[in-house]
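# Structural description and commentary
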Amino acid sequence: GAITEHGTQVLNNLEILVLNPEWLDRAIDKQYEEAKRRREIYMAGKKETSAKGKIAIIVDDGIATGYTMQPAIKDIEKQHPASIVIAAPVTPNGSAKFFSVMVDEFVALEIPRLYAGSVGAYYTRFPQLTDDEVMAIIKSVQTVATYELVLI
């Protein structure tokens, strides 16, 4: 499952049946706090921008199960954008079909017939980025584009 910094969450209802409810509540709280921490750091005091009436483009480095994309869509829908676009380099066929009916436009560079099992399998290098690396990337594009992050 996944949770956004606004508290919107999507969980696998079958998997949570076998989890200790207290553990799950702690894990949800921990991930919620982490998403809020990242927003605070990455946005560096920048006010949240409304997507109302705008084209909202949700970008992901790849979609596997879709559990991170679903709360992102739900979060942005609450802002009533003119349209919602999902963009990702790779996704399994089933996820592409699922999300194509949820949003106005779905763009994926590769929708393999046989999915390799993970997003990382489609990258030569797929490291986790540090906060400093993310901040350097954001600073490099700040002068070029206006952006809004929804962290999941």
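What follows concerns the overall build of the chain. Looking only at helices and strands, the chain has 4 helices and 5 strands in total. Traced from its N-terminal end to its C-terminal end, the chain shows the element sequence β-β-α-β-α-β-α-β-α. In terms of C-alpha radius of gyration, the chain reaches 16 Å, essentially the compact-globule figure of 15 Å for 152 residues. The proportion of buried residues among the 152 residues of the chain is 33%. Long-range contacts, defined as pairs at least 24 residues apart, comprise 67% of the intrachain contacts of the chain with a sequence gap of at least 6. A total accessible area of about 9,800 Å² is found for the chain, and carbon and sulfur atoms account for 56% of it.

Quick look at helix α3 (residues 93–100) now. Residues separated by three or four positions in an α-helix point in the same direction, a consequence of the helix having 3.6 residues per turn. Inspection of α3 places S95, A96 and F99 among the buried residues, and these make up the whole buried set. All buried residues of α3 fall inside an arc of 105° around its axis, so they share one side. Each element contacted by the buried residues of α3 is listed here: α2 (69–77), β4 (83–90) and β5 (105–110).

With that settled, consider the sheet that holds strand β3 (residues 55–59). Adjacent strands of a sheet form backbone hydrogen bonds with each other and so pair up, either parallel or antiparallel. The parallel open sheet is built from 3 strands, whose spatial order is β3-β4-β5. The open sheet has two edge strands with one neighbour each: β3 and β5. Across the sheet, the mean angle from the axis of one strand to that of its neighbour is 15°, orientation sign disregarded. Sheet topology note: the β3/β4 ladder contains 5 bridges and is parallel. Within the sheet, the bridge partner assigned to I58 lies in β4 and is I86.

Our focus in this paragraph is the packing of aromatic side chains. Taken as a whole and judged by the stated rule, the model has 3 aromatic pairs. Each ring, one from F98 and one from F99, has its centre 5.0 Å from the other, and the planes form 85°; the classification is edge-to-face. Owing to a relative accessible area of 0%, F99 belongs among the buried residues under this scheme. For the pair Y123 and F126, a centre-to-centre distance of 4.7 Å together with 35° between the ring planes defines the contact as tilted.

Right, let's get into the pattern of salt bridges. Side chains carrying opposite charge are able to pair once their charged atoms draw close together. Counted under the stated rule, the structure contains 5 salt bridges. Residue R39 pairs with E5 through a salt bridge whose shortest N-O separation is 2.8 Å. Taken together, the residues R39 in helix α1 (residues 21–43) and E5 in the loop between β1 (2–3) and β2 (9–10) connect sequence positions 34 residues apart. E5 gets classed as buried once you look at its relative accessible area, which sits at 5%.

This part takes up the pairing of β5. Pairing between β4 and β5: 5 bridges, direction parallel. Across the sheet, residue V90 finds its bridge partner in β5, namely E110.

Further remarks concern unusual backbone geometry. Both trends apply: most residues other than glycine have a negative phi, and most peptide bonds are in trans. Even without being a glycine, A44 presents a positive backbone phi close to 45°. On the secondary structure map, A44 appears in the loop between α1 and β3. Judged by relative accessible area, A44 falls into the exposed class, the value being 60%. Phi at H80 is positive, roughly 60°, even though this residue is not glycine. Along the chain, the position of H80 falls in the loop between α2 and β4. Assessed through its relative accessible area of 55%, H80 is described here as exposed.

How each quantity is defined
- Numbers given for residues are sequential positions, taken from 1 along each chain in its written order.
- Per-residue local features of the predicted model are confined to residues with pLDDT of at least 70, and side-chain atom pairs are confined, for both listing and counting, to 80 or more; whole-chain, interface and lining totals are unaffected and use all residues.
- The side-chain figures draw on all heavy atoms in the structure; neither hydrogens nor water molecules are used.
- The secondary structure listing takes helices from DSSP runs of H or I that are at least 4 residues long and strands from runs of E that are at least 2 residues long, numbered from the N terminus.
- The size measure is the radius of gyration over C-alpha atoms, and the globule rule it meets is 2.2 Å times the number of residues to the 0.38 power.
- Think of it in three bands: with a 1.4 Å probe and only protein chains considered, a residue is buried below 20% of the maximum accessible area for its type, exposed above 50%, and partly exposed in between.
- What makes two residues a contact is simply this: any of their non-hydrogen atoms within 4.5 Å.
- Note that accessible areas follow from Shrake-Rupley with a 1.4 Å probe, and for residues the cover is restricted to the protein chains shown.
- Read the arc as the range of directions from the helix axis to the C-beta atoms.
- Pairs of strands are assigned from DSSP output, requiring at least two bridges between the strands.
- Here an axis means a line fitted to C-alpha atoms, over the contact stretch when the element is a helix, while the angle between two N-to-C directions is reported on a 0 to 180 degree scale.
- Only Phe, Tyr and Trp rings take part, Trp by its six-membered ring, and two of them pair if their centres are within 6.5 Å. Stacked means planes under 30 degrees apart, edge-to-face means over 60, and tilted covers everything else.
- Salt bridges are defined by distance alone: a side-chain nitrogen of Lys or Arg within 4 Å of a carboxyl oxygen of Asp or Glu.

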